[in-house]
Amino acid sequence: MMPHLFLSESPPELDLSMLVPCEMDKARKVLLGGVIIESECLYAQRNSEYSCRLRDVITRDLLMEYAAQHFDSDFDLATSPLVLRNLWPAESFEDNTDEVPSRRLTTQSMLDDPQLSNLLLPNHFADATKTGYDALVPDTKSITLSKFLRNIINGSTPNAKIGTQVIVEEYPELREEIVPTRLAKELFEWNPWMEDSKEVIKQYAGKRVGRWTTKLPASTYFPVFIAANQRSTDATNDTHPRTDLHSEPIGNIAVQLEGTRRWTLIPTMWSMLLRPTVSKHGRGYIYSNLDPLIELPRRLKEVPAVYECVTNKGDAVWVPPWMWHRVDYDGVDIGLSIGASIFHLFPRLYATNPLFALVIVPNLFWEVLGFNVE
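Calculation notes
- Residues numbered from 1 in each chain as written.
- Predicted model: local features only at pLDDT ≥ 70, side-chain atom pairs only at ≥ 80, totals over all residues.
- Heavy atoms only, no water.
- Helix = DSSP H or I, 4+ residues; strand = E, 2+ residues; numbered from the N terminus.
- Contact = heavy atoms within 4.5 Å.
- Areas by Shrake-Rupley, 256 points an atom, 1.4 Å probe, with all protein chains shown as cover.
- Salt bridge = Lys/Arg side-chain N within 4 Å of Asp/Glu carboxyl O.
- Buried < 20%, exposed > 50% of the residue type's maximum accessible area, 1.4 Å probe, protein only.
- 1 Å grid on protein atoms, 1.4 Å probe; cavity = no way out; pocket = protein on both sides within 12 Å on 5 of 7 lines; lining within 4 Å.
- Points joined across faces, edges and corners; volume = space filled by probe spheres on them.
- Nonpolar A, V, L, I, M, F, W, Y, C, P; charged D, E, K, R; others polar.
- Patch = residues over 30% accessible without salt bridge, like charges linked within 9 Å, V, L, I, M, F, W, Y side chains within 5 Å.
- Disulfide = S-S within 2.5 Å.
- Arc of directions from axis to C-beta.
- Pairing = 2+ DSSP bridges.
- Axes fitted to C-alpha atoms, helices over the stretch in contact; angles between N-to-C directions.
- Polar contact = N/O pair within 3.5 Å; in protein donor to acceptor, adjacent residues only side chain to side chain.

(A) Molecular detail of the overall build of the protein chain. Helix and strand counts for the protein chain stand at 13 helices and 18 strands. Pairs at least 24 residues apart make up 81% of the contacts formed inside the protein chain by residues separated by at least 6 positions. For the protein chain, the accessible surface area stands at approximately 17700 Å², while carbon and sulfur atoms represent 53% of it.

(B) Region of the structure containing the pattern of salt bridges. Per the stated rule, a full pass over the model turns up 15 salt bridges. For Glu-308, the salt bridge goes to Arg-262, with nearest N and O atoms at 2.8 Å. You can see Glu-308 sitting in strand β15 (residues 307-311) and its partner Arg-262 sitting in strand β12 (residues 261-266), a full 46 residues away along the chain. When the shortest N-O distance is used, the salt bridge between Arg-275 and Glu-295 registers 3.0 Å. Of the two residues, Arg-275 is situated in the loop between β12 and β13 (276-278) and Glu-295 in helix α11 (residues 295-300); the sequence distance between them amounts to 20 residues. A relative accessible area of 36% places Arg-275 in the partly exposed class. For Glu-295, a relative accessible area of 30% translates into the label partly exposed.

(C) Examining the layout of surface pockets more closely. What the second largest pocket holds in volume is close to 270 Å³. If you trace the second largest pocket, you find 15 residues lining it, with Asp-72, Phe-75, Ser-80, Pro-81 and Tyr-307 closest to the centre. Class assignment of the residues belonging to the lining of the second largest pocket gives a composition of 7 nonpolar, 4 polar and 4 charged.

(D) Examining the environment of Ala-357 more closely. Within the secondary structure, Ala-357 sits in helix α12 (residues 354-359). With a relative accessible area of 8%, Ala-357 lands in the buried category. For the pair Ala-357 and Glu-248, spaced 109 residues apart in the sequence, the C-alpha separation amounts to 9.5 Å.

(E) The arrangement of a nonpolar patch on the surface in detail. Together, Met-272, Leu-355, Leu-358 and Val-359 make up an exposed nonpolar region whose accessible area comes to about 410 Å². Position of Leu-358 relative to the elements: it lies in helix α12. Leu-358 sits in the exposed class, given a relative accessible area of 61%.

(F) Highlighting the state of the cysteines. Scanning the entire structure with this criterion turns up 1 disulfide. A sulfur-sulfur distance of 2.0 Å marks the disulfide that ties Cys-22 to Cys-52. Between Cys-22 and Cys-52 the disulfide shows an S-S torsion of about 100 degrees. By sign, it is right-handed. One end of the pair, Cys-22, is in the loop between β2 (19-21) and α1 (24-31); the other, Cys-52, is in strand β3 (residues 51-53), and 30 residues separate them in sequence. The exposure class of Cys-22 is partly exposed, given its relative accessible area of 31%. Among the residues examined, Cys-52 registers a relative accessible area of 16% and is labelled buried.

(G) The environment of Val-278, seen in detail. If you trace the backbone, Val-278 turns up in strand β13. Placed 10 residues apart in sequence, Val-278 and Ser-288 show a C-alpha to C-alpha distance of 8.9 Å. Not counting residues up to four positions away in its chain, the partners in contact with Val-278 are Tyr-285, Ile-286, Tyr-287, Val-359, Ile-360 and Asn-363.

(H) Spatial organisation of α1. Of all the residues in α1, the buried ones are Ala-27, Val-30 and Leu-31. One face of α1 carries all of its buried residues, which in axial projection span an arc of 95 degrees. Of the residues flanking the end of α1, it is Gly-33, one or two places downstream, whose phi is positive at about 75 degrees.

(I) Representation of the sheet that holds strand β14 (residues 286-288) within the structure. Strand order in the open sheet formed by 6 strands is β13-β14-β10-β17-β12-β15, with antiparallel pairing between adjacent strands. Each end of this open sheet is capped by a strand with a single partner; those strands are β13 and β15. On average, adjacent strands in this sheet sit at an angle of 30 degrees to one another, irrespective of strand direction. The pairing of strand β10 (residues 242-247) with strand β17 (residues 324-328) spans 3 bridges and is classified as antiparallel. Within β17, the position partnered with His-246 by the bridge is His-325.

(J) View of the environment of Asp-291. Looking at the element boundaries, Asp-291 is found in the loop between β14 and α11. Taking the C-alpha atoms as reference points, Asp-291 and Thr-131, 160 residues apart in sequence, are found 7.0 Å from one another. If we skip the residues at most four places from it in the chain, Asp-291 touches Leu-296 and Pro-297. Engagement of the side chain of Asp-291 in a polar contact is seen with the backbone nitrogen of Leu-293, the distance being 2.7 Å.

(K) Structural context of the pairing of strand β11 (residues 251-258). Most of β11 sits inside the fold, with 8 of its 8 residues counted as buried. Direction of pairing for β11 relative to strand β16 (residues 316-319): antiparallel, over a ladder of 4 bridges. Looking across to β16, one finds that Val-255 is bridged to Ala-316.

Right, dumping it as structure tokens:
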């Protein structure tokens, strides 16, 4: 764990498992703490046919109204993080549920599933405890998904980590296991127009033409992140897998599917305190060129706003475009952590950091064309 030499606070959060009336007006009164909140909640509890979970009825307008009242009157998803507890209900992780029949993005499935287990991953991090720029560049090539997992489990590479789009690219149906589509579109205005267009082309133009759609640029990616939570063993307390502090032009709806992850989040307005540096290898991100073990903890003492949270199984965190974030795999519960995200380029939010939006353009150009070297 990064030494806590700085003050941090929890980002705004909302529990989507909250019981509310199914009728929108009544649900709104309950959520916003109206005068009938107690009677409405009791009514919902006693009359299950008229009760819903907040995830089933929430809208973006209701979320923003709640945020303005309970978080900050100026709360804005363009620049503010948000933790959504229980985005996925606990029962959705049980086998063969109505919501998600037989999940495949699980440790057991990725070890045993004939298709997933033999999927070849182009690269990964053999040791995700490294520091500096090398910590952001995959250093090992070509391994099957099951072999990657077994190497972590048996201790051959206990600090290995991967963030890969290959799994969902190969099996697009797995997108439904990451974020409920309705919530992604409603709460975050996610519009996968490019991906929807590709599916239409595949459907009506046939496989021969449809396969060329993979050459078109994407507006959305669905990376899966896997590492093992490790307890640090040295004096720096930092010998566990992690992704060091960086900033990206995309919005990230990051969901925890197994285990935990610890997030450190810093608003983009404090970028100049973090020694921002453009990626050297044609990748579309900016990283903090501060030593993560020595310089960064000291510098964070000078940053006015630092958020920290832990995502548990079923939780999600919204990371706005250009928000700095670091991810640590150092949970109390030792074991594999599996997370997945919707990475989406929101054109309206791209310019929330005009300087970064300008300097990253060459890297985005090369990445879209597939010419980056990482």
